[in-house]
Amino acid sequence: MKVLVQKYGGSSVATPERIRAVAQRVAKSLNGEYKVVVVLSAMGDTTDRLLKMAYQITPNPSSRELDMLLSTGEQVSIALFCMALESLGISAVSLTGAQVGIITDSAHTKAKIMEIDTRRLQQELQQHQVVAVAGFQGINVRGDIVTLGRGGSDTTAVALAAVLEAEKCEIYTDVDGVYTADPHLVPNAKKLERISYDEMLELASLGSKVMQARAVECGKKYGVKIIVRSSFKENSGTIICEEDPSMEKEFIRGIAHNTSEAKITIRNVPDQPGIAAKIFGILAEANIVVDMIIQDVSEHGTTNISFTVEKTDLPQALKLAEKVSQEINAKGVSADKNIAKVSIVGIGMRSNAGVAAKMFQTLSEENINIQMISTSEIKISCVIEENAVQRAVQALHRKFELDKESIENEL
Ligand code: ADP
Ligand code: ASP
Ligand code: MG
């Protein structure tokens, strides 16, 4: 049995009319050759609205109850979608993450998929033309509902495509592919025909929310052919695949930005072995992901350590940083929420010197101060003030000539 996995995001199923339109699109694509698994997100901004309601009840909702609440959004979508398909004469059934057998760890609100027991799904696929699966959710070994982190329906779709050995996994969204930068920030950004898993993984991890990073990671691991395309238009989209030598010609594939992190600084930290291990060990124990870290040059036996965490983790991270600061006799802790991270990504960077210098020069010409820098083989990221983010992304896009049709960009 050949299987196709399609995922439709929130804006694609924002209203009952949109759900009917998606049902019609899926119905049209059924030709007897494939069984289709359709993964759906919650309608429009439902997840945001549910979150807002939780915080209207209490400033500290428990993560277990948050998951119980947030998982309802996707269930509404799959039920309505199956009703729409049935009204078109298509046999369809909806399943929650638990019913599909998506078993996760217990990290509520950011759980990882451990395994998928496909027996029920296979059975339903035998009996129906379409199986609709609630994205973004699974169940832990205790039997509690968990969610997979914001944007997690992408991961549901790619993971299902992997276990079902689907021909491809189509991610339908409100843009017609992956662009050289967020097209809502850079109007002349260019659509990419193809992008390697590694580049997409970097872009996604660095803030391009068109795909959840974990979904790309899973796609790379299991060799799933992922196609990002529009649910509103018929355009061909962007293929995410293994890199090939021609991809190295362009050394910058795209620019990502992220305004969801905050910076914490611990001042006058004793410059001794074991101190960094203590600070970051405590944060890791609390399941807080630390992104960039910088340590100043030591002066008079002390140093300042700055690091970034997700804004949603900031209150807890600050509390822990203050506690550890007292324990190690540091001078105190401060936080800055008004930061943004701007990153350039490309596998061709590996073999081209001067990319970093050009990035720093571009920011300097815009009079934008760089607060932190981090690099890997295929990316360079700078933390800057949040207000300058659009100017920075547009200037970099211009400077690296990403809007041009040429294959090789100029240094
Ligand atoms: P969905 O609800 O379908 O999952 P998302 O809002 O999560 O959609 O992702 C699509 C959005 O990703 C686009 O509307 C766009 O603003 C944003 N985006 C960020 N970077 C990029 C990029 N490089 N290419 C395309 N879209 C991008
Ligand atoms: N509804 C969830 C979110 O808004 C999951 C998703 O859309 O992928 O993050
Ligand atoms: Mg998304």
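I will try to describe carefully the structure that is included in this document.

## With respect to the overall build of the chain
- From N to C terminus, the chain includes 12 helices and 20 strands.
- For the chain, the C-alpha radius of gyration of 23 Å lies close to 22 Å, the compact-globule estimate for 411 residues.
- By its C-alpha atoms, the chain is 75 × 50 × 35 Å across when sized along the principal axes.
- Classification of the 411 residues of the chain by burial places 53% in the buried group.
- Pairs at least 24 apart in sequence give 75% of the contacts found in the chain among residues at least 6 apart.

## A look at the nonpolar core
- Val5, Val37, Leu121, Leu160, Met200 and Met211 are the most contacted members of the largest nonpolar core, which totals 42 residues.
- Per-element tally for this core: the top contributor is helix 6 (residues 153–163), with 6 residues.
- Of all hydrophobic cores here, the second largest spans 26 residues; its members include Ala340, Leu363, Val389 and Leu396.

## Focus: helix 8 (residues 213–222)
- Buried within helix 8 are the following residues: Ala215, Val216, Cys218 and Gly219. Axial view of helix 8: buried residues confined to an arc of 160°, hence all on one face.
- Buried residues along helix 8 sit against helix 6, helix 7 (197–205) and strand 11 (226–230).
- Phi turns positive one or two residues past the end of helix 8, at Gly223, with a value near 65°.

## Structural notes on the packing of helix 11 (residues 355–365) against helix 12 (residues 389–399)
- Their axes nearest at 10 Å, the elements helix 11 and helix 12 cross at an angle of 130°. Viewed along their axes, helix 11 and helix 12 adopt a mutual orientation that is oblique. The hand of the helix 11/helix 12 crossing is right-handed. On helix 12, the residues that touch Lys358, Met359, Thr362, Leu363 and Glu365 of helix 11 are Ala392, Ala395, Leu396 and Lys399.
- Residue classes in the contact of helix 11 with helix 12 are distributed as 5 nonpolar, 1 polar and 3 charged.

## Observations regarding the sheet that holds strand 3 (residues 92–95)
- With respect to topology, 8 strands assemble into an open sheet ordered 3-6-2-1-9-11-12-10, the strand pairing being mixed. A single partner strand is all that each edge strand has here, and the edge strands are strand 3 and strand 10 (194–196). On average, adjacent strands in this sheet sit at an angle of 20° to one another, irrespective of strand direction.
- When strand 2 (residues 34–40) meets strand 6 (residues 130–134), the two strands line up parallel, connected through 5 bridges. When the sheet's bridge partners are listed, Val36 is paired in strand 6 with Val130.

Definitions and cut-offs
Residues numbered from 1 in each chain as written. Chains lettered and ligands numbered in written order. Predicted model: local features only at pLDDT ≥ 70, side-chain atom pairs only at ≥ 80, totals over all residues. Heavy atoms only, no water. Helix = DSSP H or I, 4+ residues; strand = E, 2+ residues; numbered from the N terminus. Rg over C-alpha atoms; globule rule 2.2 N^0.38 Å. Buried < 20%, exposed > 50% of the residue type's maximum accessible area, 1.4 Å probe, protein only. Contact = heavy atoms within 4.5 Å. Core = buried A, V, L, I, M, F, W, Y, C linked by side-chain atoms within 4.5 Å. Arc of directions from axis to C-beta. Axes fitted to C-alpha atoms, helices over the stretch in contact; angles between N-to-C directions. Parallel < 35°, antiparallel > 145°, perpendicular 65-115°, else oblique. Left-handed = near helix turned anticlockwise from the far one by under 90°. Nonpolar A, V, L, I, M, F, W, Y, C, P; charged D, E, K, R; others polar. Pairing = 2+ DSSP bridges.

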